[in-house]
2 protein chains.
Amino acid sequence: MMKNQNSDRSDTILDSAEKFIRKGGFNAVSFRDIADDIGIKSSSVHYHFPKKTDLGKAVIDRYAKRFLESLGSPEEKKETPQTRINRLGKAYLAALEEDDAICLGCILGAESAGLPGDVQEAVGSFFDGVLRWTSSALAGSKGPSASATHIIGALQGAMVLSVATKKPDALKETIRRLQMSV
Amino acid sequence: MMKNQNSDRSDTILDSAEKFIRKGGFNAVSFRDIADDIGIKSSSVHYHFPKKTDLGKAVIDRYAKRFLESLGSPEEKKETPQTRINRLGKAYLAALEEDDAICLGCILGAESAGLPGDVQEAVGSFFDGVLRWTSSALAGSKGPSASATHIIGALQGAMVLSVATKKPDALKETIRRLQMSV
DNA sequence: AATTATCTATCTATCAGTAGATAGATAAAG
DNA sequence: CTTTATCTATCTACTGATAGATAGATAATT
């Protein structure tokens, strides 16, 4: 028993790393912070993720997978574009409200230019995936703001505004307006 | 002549700091980076800005002042809301294109939760100012997306997408769509 | 005009703390 | 006896920050 202790521990490490990164960015997390947070030594974190780049890539890759899975299929069900975009908005809202922090994509996207190459690529892939999902979800829509780029941008920007101005309703308002114009 | 050498030097320091912050965030700039960049010693940077918090506050305060001044008045001229929002969009676009980097508000807004209290407050004030300008600029508009929060959020989010996905047209597209729906 | 004092802006040198990273020991499991 | 996962111990590099020296400009006093 306890066969996937590695996997369990790795996930615990990634949970902690994700929490720190969401709060202050990639440079605001250290191997020691994570180790102290979960009660091990920093060298043990290095065992699971030798370089910080490995850690960063793993955090964003896991997040991308989870986020896209949580959105479900953008096509198969008989849904209107509005319903699908509502689902997308709810996913962003959940991230903000559950942890009272900006989502991982927002912060790493904003820091993109200063990230190590590997991590930067992983962030780019995340956005490509989300944009692809949104494009599919919009199939058939003729609204004036029915563009994946515009919608994802608006959601992420509103999320930043929510935390930076400490007015958590900013994201809700943007979701409402996006829905009207899809 | 050369009376405000202090002010000149301070500005040079702030220019350098702003450049580094826009690339990788507040934690991605150091006193030594700045000193090396402009050819002085790190202790001289401390002379002008004793603590890193002082430096951060000065960077964002100067930026807020410049940005709002560049927007001009949101009221006095006989302009339509569309024209004013176009001016706003152009200001964001200029920041992105001139330096090929995200704007200072975007990156510090995203990092907000991890910033020192003083800097966080200054970032909040910047957003309050921009939102106030945009609200005034929208006076009389009845468009479906005529909300300061929505517009600023969309512009900033699109800017992040532009750099993170390396598709510089994302911001342009959002400006176009915003203008249609104001 | 000459002297004295103060201010400005830089430097050199150094500090304690923390960063990412690695080598090697240890222990448990199979 | 190898693999997995952890530890101790350590390294070098860099962080923000400070103390103290210095040169030059400016201002005040004699």
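Located above this text is the structure these notes cover.
Residues numbered from 1 in each chain as written. Chains lettered and ligands numbered in written order. Predicted model: local features only at pLDDT ≥ 70, side-chain atom pairs only at ≥ 80, totals over all residues. Heavy atoms only, no water.

Draft legend 1. Just the overall build of chain A, in detail. Scanning chain A from terminus to terminus reveals 9 helices and 0 strands. The secondary structure elements of chain A, listed N-terminal to C-terminal, are α-α-α-α-α-α-α-α-α. For 182 residues, the compact-globule formula gives about 16 Å, and the C-alpha radius of gyration of chain A, at 18 Å, lands near that figure. Every one of the 182 residues in chain A was classed for burial, and the buried ones make up 55%. Once local pairs closer than 6 in sequence are excluded, the contacts in chain A between residues at least 24 apart make up 66%. Working note: accessible area of chain A is about 8,500 Å², and carbon and sulfur atoms make up 49% of it. Placing the 25 positive and 23 negative side-chain charges of chain A at their respective mean positions leaves the two points 3 Å apart. (Helix = DSSP H or I, 4+ residues; strand = E, 2+ residues; numbered from the N terminus. Rg over C-alpha atoms; globule rule 2.2 N^0.38 Å. Buried < 20%, exposed > 50% of the residue type's maximum accessible area, 1.4 Å probe, protein only. Contact = heavy atoms within 4.5 Å. Areas by Shrake-Rupley, 256 points an atom, 1.4 Å probe, with all protein chains shown as cover. Lys, Arg positive; Asp, Glu negative; His and termini not counted. Charge placed at Lys NZ, Arg CZ, Asp CG, Glu CD.)

Draft legend 2. Layout of the interface of chain B and chain A. Of the residues lining the interface, 43 residues belong to chain B; the matching set on chain A comes to 43 residues. Interface of chain B and chain A: buried area, both sides summed, is about 3,200 Å²; carbon and sulfur atoms make up 62% of it. Counting across the chain B and chain A interface gives 2 salt bridges. For the pair chain B and chain A, the interface holds 4 residue pairs in polar contact (both at pLDDT 80 or more). Elements represented by at least two residues in the side of chain B that touches chain A include exactly α1 (5–24), α6 (104–111), α7 (117–137), α8 (148–164) and α9 (169–180) of chain B. Grouping the constituent residues of the side of chain B that touches chain A by class yields 19 nonpolar, 17 polar and 7 charged. (Buried area = accessible area lost by both parts, 1.4 Å probe. Salt bridge = Lys/Arg side-chain N within 4 Å of Asp/Glu carboxyl O. Polar contact = N/O pair within 3.5 Å; in protein donor to acceptor, adjacent residues only side chain to side chain. Nonpolar A, V, L, I, M, F, W, Y, C, P; charged D, E, K, R; others polar.)

Draft legend 3. Structural view of unusual backbone geometry. At Lys-166 of chain A, a residue that is not glycine, the phi angle is positive and equals roughly 55°. Its location among the elements puts Lys-166 of chain A in the loop between α8 (148–164) and α9 (169–180). Taking the relative accessible area as the measure of exposure, Lys-166 of chain A reaches 61% and is therefore exposed. Positive phi values are uncommon outside glycine, yet Asp-100 of chain B reaches one of about 50°. Tracing the sequence through the fold places Asp-100 of chain B in the loop between α5 (81–99) and α6.

Draft legend 4. Representation of the relation of the copies chain B and chain A. By a simple turn and slide, chain B fits onto chain A: the slide is 0.0 Å along the axis, the RMSD is 0.0 Å, and the turn is 180°. With respect to symmetry, the two chain copies, as superposed, fit the operation of a two-fold axis. Comparing contact sets, 100% of the residues at the interface of chain B also lie at the interface in chain A, consistent with an isologous, same-surface contact. (Least-squares fit on C-alpha atoms with pLDDT ≥ 70 in both.)

Draft legend 5. Quick look at α6 of chain B. For α6 of chain B, a buried count of 8 out of 8 residues is recorded, marking the element as mostly surrounded by other parts of the structure. Those residues of α6 of chain B that sit buried are Leu-104, Gly-105, Cys-106, Ile-107, Leu-108, Gly-109, Ala-110 and Glu-111 of chain B.

Draft legend 6. Examining the packing of aromatic side chains more closely. Residue and element names in this part refer to chain A. Throughout the structure, instances matching the rule amount to 10 aromatic pairs over all chains. Consider the rings of Tyr-63 and Phe-126, whose centres lie 5.3 Å apart with planes at 50°: the pair is tilted. On the criterion of sequence distance, the pair formed by Tyr-63 in helix α4 (residues 52–71) and Phe-126 in helix α7 (residues 117–137) is long-range, its members being 63 residues apart. Per residue, the accessibility class of Tyr-63 equals that of Phe-126, and both read buried. (Phe/Tyr/Trp six-rings, centres within 6.5 Å; stacked < 30°, edge-to-face > 60°.)

Draft legend 7. Representation of the nonpolar core within the structure. Formed by 124 residues in total, the largest nonpolar core has its most connected members in Leu-88, Tyr-92 and Leu-108 of chain A together with Leu-88, Tyr-92 and Leu-108 of chain B. If near-sequence neighbours (up to four positions away) are discounted, Leu-108 of chain B is found in contact with Ile-21, Phe-26, Ile-60, Leu-115 and Val-123 of chain B. (Core = buried A, V, L, I, M, F, W, Y, C linked by side-chain atoms within 4.5 Å.)

Draft legend 8. Up close: the side chain of Ser-112 of chain A. Within the element layout of this structure, Ser-112 of chain A appears in the loop between α6 (104–111) and α7. Ser-112 of chain A sits in the buried class, given a relative accessible area of 1%. Among residues more than four places away in sequence, those in contact with Ser-112 of chain A are Gln-120 of chain A together with Val-163 and Ala-164 of chain B.

Draft legend 9. Up close: the environment of Leu-178 of chain A. Mapped onto the secondary structure, Leu-178 of chain A falls in helix α9. Through-space distance from the C-alpha of Leu-178 of chain A to that of Pro-144 of chain A is 9.8 Å; in sequence the pair is 34 residues apart. When near neighbours in sequence (up to four residues on either side) are disregarded, Leu-178 of chain A contacts His-150, Ile-151, Ala-154 and Leu-155 of chain A together with His-150 of chain B.

Draft legend 10. Looking closely at the environment of Asn-27 of chain B. Topologically, Asn-27 of chain B is positioned in the loop between α1 and α2 (31–38). For the pair Asn-27 of chain B and Leu-115 of chain B, spaced 88 residues apart in the sequence, the C-alpha separation amounts to 8.9 Å. Beyond its immediate stretch of four places on either side in the chain, Asn-27 of chain B contacts Gly-24, Asn-27 and Ala-28 of chain A together with Lys-52 and Glu-111 of chain B.

Draft legend 11. Quick peek at α9 of chain A. Between its first and last C-alpha, α9 of chain A extends 17 Å over 12 residues, near the 16 Å set by a 1.5 Å rise per residue. For α9 of chain A, the set of buried residues is Ala-170, Leu-171, Glu-173, Thr-174, Ile-175, Arg-177 and Leu-178 of chain A. (Expected span 1.5 Å × (residues − 1).)

Draft legend 12. The arrangement of the pattern of salt bridges in detail. Residue and element names in this part refer to chain B. Counted under the stated rule, the structure contains 26 salt bridges over all chains. Residue Lys-65 pairs with Glu-69 through a salt bridge whose shortest N-O separation is 3.9 Å. Pair noted here: Lys-65 and Glu-69 are both in helix α4 (residues 52–71), with a separation of 4 residues, about one helical turn. Exposure remark for Lys-65: the relative accessible area of 57% places this residue in the exposed category. By relative accessible area, Glu-69 is classed as exposed at 55%.

Draft legend 13. Structural context of the packing of α5 of chain B against α7 of chain B. Residues and elements named next belong to chain B. Orientation of α5 relative to α7, taken along the N-to-C sense of each, is 150°, at an axis distance of 9 Å. Here α5 lies roughly antiparallel to α7, going by the angle between them. Only Val-130, Trp-133, Thr-134, Ser-136 and Ala-137 of α7 make contact with α5, whose side of the interface consists of Pro-81, Arg-84, Ile-85, Arg-87, Leu-88 and Tyr-92. (Axes fitted to C-alpha atoms, helices over the stretch in contact; angles between N-to-C directions. Parallel < 35°, antiparallel > 145°, perpendicular 65-115°, else oblique.)

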